[in-house]
Amino acid sequence: MLRRKARRAQEDEHGDPLDADQERRVRAVLALGGVPQADLLDGVQQVRLRLLERAASGQEAPRDVSAWAAVVASHLAMDWHRAKRRQERLGERLASLRQPEHASGSGEDSRLLAVAVARGLDELPDAQRQILVLRFYADLPVRGIAEELGIPEGTVKSRLHTAVRALRARLHEDEVV
């Protein structure tokens, strides 16, 4: 009880839910988790934000803010690695579309289709193209796309449907499919 009061007094006095020791611990957990030096400040800010959101929603402050912040930091480090891996997979897929295939026939067809899809993607509005890339190249589910972009799932579904329909029409116009 006294700790909670002391912590709340510290927050009220400085406006910062993390003290210097806790911030150093968060930075250390993030760094040990493989997060680059340039992204450490963002990670610390995320931990602060989550602690402030917790207080704003009326939830009780964690018993041990330092331990709670370290756990949140470790989750952020895992999220950073997942996002990095998604980006790598996306890059691999895009690179594979650009690489010529050695076999003729079906390889030629694949190249034509890849070029037609790339052109079709270029013609889509940014919002639709972004949804298509996240869904089909980054393999994110609708819910993941909605969370990533901060938009409702229904909006993702609507844009995805419209984009696929437009891309399909473009491929039929070019007589690729």
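Right, let's walk through the structure included here. Worth saying up front: this structure is predicted, and the values here are computed from it rather than measured.

1. Quick word on the overall build of the protein chain
- Regarding its fold elements, the protein chain presents eight helices and zero strands.
- Put simply, the protein chain runs from its N terminus to its C terminus through helices and strands in the order α-α-α-α-α-α-α-α.
- Every one of the 177 residues in the protein chain was classed for burial, and the buried ones make up 28%.
- Counting only contacts in the protein chain whose residues sit at least 6 apart along the sequence, the fraction spanning at least 24 positions is 61%.
- Carbon and sulfur atoms form 52% of the exposed surface of the protein chain, whose accessible area is close to 11,600 Å².

2. Some points on the packing of helix α2 (residues 20-32) against helix α3 (residues 40-56)
- It is at 9 Å that the axes of α2 and α3 come closest, and there the two elements cross at 125 degrees. Here α2 is positioned oblique relative to α3, judged by the angle of their axes. Pair α2 / α3 crosses with right-handed handedness. Residues E23, V26, R27, L30 and A31 of α2 pack against L40, L41, G43, V44, V47 and R48 of α3.
- For the contact of α2 with α3, the residue count by class is seven nonpolar, one polar and three charged.

3. Quick word on the nonpolar core
- With 20 residues, the main nonpolar core has V117, L121, I131, L132, I145 and V156 as its most contacted residues.
- If you list the elements that add at least two residues to this core, you get α5 (106-123), α6 (126-137), α7 (142-149) and α8 (153-173).
- Sort the elements by how many residues they give to this core and α8 lands first, with five residues.
- Beyond its immediate stretch of four places on either side in the chain, I145 contacts I131, L134, R135, L140 and V156.
- One finds V44, W68, A73 and L76 within the second-largest nonpolar core, a separate group that totals 15 residues.

4. Side note on the layout of surface pockets
- Within this model, the largest pocket holds a volume of roughly 330 Å³.
- Within the residue set of the lining of the largest pocket, elements represented by two or more residues are α3 and α4 (65-98).
- In terms of residues, the lining of the largest pocket owes the most to one element, α4, which gives five residues.
- Class assignment of the residues belonging to the lining of the largest pocket gives a composition of six nonpolar, two polar and four charged.

5. Examining the packing of aromatic side chains
- What the rule picks out here adds up to zero aromatic pairs.
- It is R135 that lies over the ring of F136; its NZ or CZ is 5.7 Å from the centre.

6. A closer look at α7
- Considered for burial, the residues of α7 that qualify are V142, G144, I145 and A146.
- Positive backbone phi, approximately 70 degrees, marks G150, located one or two places after α7.

7. Overview of the pattern of salt bridges
- In this structure the tally under the stated criterion is eight salt bridges.
- Note that E23 is salt-bridged to R27, the shortest N-O span being 3.5 Å. In this pair, E23 and R27 both sit in helix α2, four residues apart, roughly one turn of the helix.
- Classification of R27 as partly exposed rests on a relative accessible area of 27%.
- For E23, the salt bridge identified is with R48, shortest N-O distance 2.6 Å.

8. Quick word on the packing of α7 against α8
- The contact between α7 and α8 brings their axes to 8 Å, and the two run at 110 degrees. As judged from the angle between their axes, α7 and α8 are roughly perpendicular. Between α7 and α8 the crossing geometry is right-handed. Contacts from V142, R143, I145 and A146 of α7 reach α8 at E153, V156 and K157.

Rules used in this analysis
- Residues numbered from 1 in each chain as written.
- Predicted model: local features only at pLDDT ≥ 70, side-chain atom pairs only at ≥ 80, totals over all residues.
- Heavy atoms only, no water.
- Helix = DSSP H or I, 4+ residues; strand = E, 2+ residues; numbered from the N terminus.
- Buried < 20%, exposed > 50% of the residue type's maximum accessible area, 1.4 Å probe, protein only.
- Contact = heavy atoms within 4.5 Å.
- Areas by Shrake-Rupley, 256 points an atom, 1.4 Å probe, with all protein chains shown as cover.
- Axes fitted to C-alpha atoms, helices over the stretch in contact; angles between N-to-C directions.
- Parallel < 35°, antiparallel > 145°, perpendicular 65-115°, else oblique.
- Left-handed = near helix turned anticlockwise from the far one by under 90°.
- Nonpolar A, V, L, I, M, F, W, Y, C, P; charged D, E, K, R; others polar.
- Core = buried A, V, L, I, M, F, W, Y, C linked by side-chain atoms within 4.5 Å.
- 1 Å grid on protein atoms, 1.4 Å probe; cavity = no way out; pocket = protein on both sides within 12 Å on 5 of 7 lines; lining within 4 Å.
- Points joined across faces, edges and corners; volume = space filled by probe spheres on them.
- Phe/Tyr/Trp six-rings, centres within 6.5 Å; stacked < 30°, edge-to-face > 60°.
- Lys NZ or Arg CZ within 6 Å of the ring centre and 35° of its normal.
- Salt bridge = Lys/Arg side-chain N within 4 Å of Asp/Glu carboxyl O.

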